[in-house]
Amino acid sequence: MIKLLYDQFSCQVIHGGTMTESFPVTTGVRQGCLLSPLLFLIVVDWVGKSAYKDPKGIGWTLTTRLEDLEFADDICALSHRFQDAQHQTKSLETVAKQTGLYINAQKTKSMRLNTNQQDCLKIDDSTVEDVQQFTYLGSIVSTSGGTDEDISARKKKAQQVFSMLKPVWRSNALRTSTKLRIFTTNVKSVLLYGSETWRETAASIKSIQTFVNKCLRNILNIRWPNKISNNELWRRTKQQPTTQTIRARKWKWIGHTLRKKTHTLPSKP
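- In the nomenclature of an unreviewed UniProt entry, the protein chain is known as Reverse transcriptase domain-containing protein of Mytilus edulis.

Here it is as C-alpha cells:
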C-alpha cells in the first residue's frame with residue numbers, strides 16, 4: 001500500500017513567482033495526506049512491539065512492565081539498569097532499520113536517576129548525550145522530579161508570545177474585552193500548557209500569578225504610580241486567580257482519566 005501511495009511521487013515548488021521543474025520526492029509524506037500518518041503510526045507500533053519481546057522496562061504492575069512512552073515519532077524508553085537500556089536501544093535500532101526508519105543519535109538524549117553507572121549509551125557507534133533534563137511533548141522532564149524547570153520554561157515562552165503581540169495591546173482600534181480574549185487564547189494557553197500535571201507550590205503559584213498580573217496591568221495600561229489591588233484587577237478583566245484555573249484543569253484531566261477503560265495505560269494506578 002505504501003509503495004503504491006508514493007510510487008513515482010513528484011512535486012513542484014513556486015519560487016520567485018514561477019513554477020520549478022518537477023522533481024521526485026524520496027522522503028517525507030504527502031502534504032495533507034490523511035493516510036500517511038496512520039500508516040506511520042502502524043509501523044512505529046509494530047516496531048515497538050517487535051523490539052520489546054523480552055520485557056526489560058520499569059515495573060508497572062505486579063505482572064507487567066512499561067517499556068516506553070510513544071507519541072508519533074517521540075519515543076521515551078524506560079529502564080532500571082544501563083544494560084537493559086542499551087539492549088532496548090539496540091533492539092529498537094535493529095527492528096526499525098527493517099522498515100527504513102533510523103534513530104538520530106544527535107537528537108537522542110539519556111537521563112540517569114540514582115545511579116553510578118557512567119558507561120555511555122551507544123546508537124550505531126555514536127554516543128548519546130547525557131543530560132539533566134529534556135523536553136518531551138512540550139514539557140520539561142528533569143532529574144529533580146519537580147516542575148520548577150517546566151514552569152520557568154512556560155513563563156519564558158508566554159513572555160515571548162506576549163511581546164510579539166505588543167502591537168495588539170497598544171492598539172486603540174481594539175476593545176479591552178477583545179484584547180483579554182486574545183490574551184487568554186494566545187498567552188495564557190501557552191503559560192498553562194501541561195499545568196494539569198504540575199506539582200503546585202506556594203512559590204510556583206505566586207510566580208505564575210505575578211506574571212499574569214503584570215500582563216493584565218500592561219493590557220489595561222496601568223503604569224506606576226497608578227495602583228490597583230489584585231482583586232480589583234481581576235474584577236476589571238473578569239479573570240480568576242491562576243490557582244483556580246489550574247485546579248479546574250486538573251479536575252477535568254482527572255475526570256478524563258477516570259472515564260478511560262480499565263485496561264488502558266492512563267487508568268493504571
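That was the structure; now back to the text.
1. A few points about the pattern of salt bridges
Opposite charge on two side chains permits them to pair, given that their charged atoms come into close proximity.
Turning to step 1, where the next piece is worked out: Per the counting criterion, the structure on display carries nine salt bridges.
Turning to step 2, where the next piece is worked out: One salt bridge connects E93 with K97, and the closest N-O pair in it is separated by 3.7 Å. Remark: K97 and E93 occur in helix α3 (residues 82-98); sequence separation between them is four residues, near one turn of the helix.
Turning to step 3, where the next piece is worked out: Overall, E93 belongs to the buried group, its relative accessible area being 6%.
Turning to step 4, where the next piece is worked out: With its nearest N and O atoms 3.2 Å apart, the salt bridge here joins R112 to D130. In this pair, R112 sits in the loop between β9 (109-110) and β10 (122-123) while D130 sits in strand β12 (residues 129-130), placing the two residues 18 residues apart along the sequence.

2. Re the environment of R235
Turning to step 1, where the next piece is worked out: Inspection of the secondary structure assignment puts R235 in helix α8 (residues 230-237).
Turning to step 2, where the next piece is worked out: In terms of polar contacts, R235 uses its side chain to reach the side chain of E232, at 2.6 Å.

3. Some points on helix α2 (residues 35-51)
Turning to step 1, where the next piece is worked out: The first and last C-alpha atoms of α2 sit 24 Å apart over 17 residues, in line with the 24 Å expected at 1.5 Å per residue.
Turning to step 2, where the next piece is worked out: Regarding α2, the residues found buried are S36, L39, V44, V47, G48, S50 and A51.

4. Quick notes on the pairing of strand β14 (residues 139-142)
Turning to step 1, where the next piece is worked out: Judged from the four bridges that link them, strand β13 (residues 133-136) and β14 form a sheet pairing that is antiparallel. Directly across from Q133, in β14, lies its bridge partner S142.
Turning to step 2, where the next piece is worked out: Hairpin connection, β13 to β14: the antiparallel pair is bridged by two residues, and L137 has positive phi, about 55 degrees.

Rules used throughout
- Residues numbered from 1 in each chain as written.
- Predicted model: local features only at pLDDT ≥ 70, side-chain atom pairs only at ≥ 80, totals over all residues.
- Heavy atoms only, no water.
- Salt bridge = Lys/Arg side-chain N within 4 Å of Asp/Glu carboxyl O.
- Helix = DSSP H or I, 4+ residues; strand = E, 2+ residues; numbered from the N terminus.
- Buried < 20%, exposed > 50% of the residue type's maximum accessible area, 1.4 Å probe, protein only.
- Polar contact = N/O pair within 3.5 Å; in protein donor to acceptor, adjacent residues only side chain to side chain.
- Expected span 1.5 Å × (residues − 1).
- Pairing = 2+ DSSP bridges.

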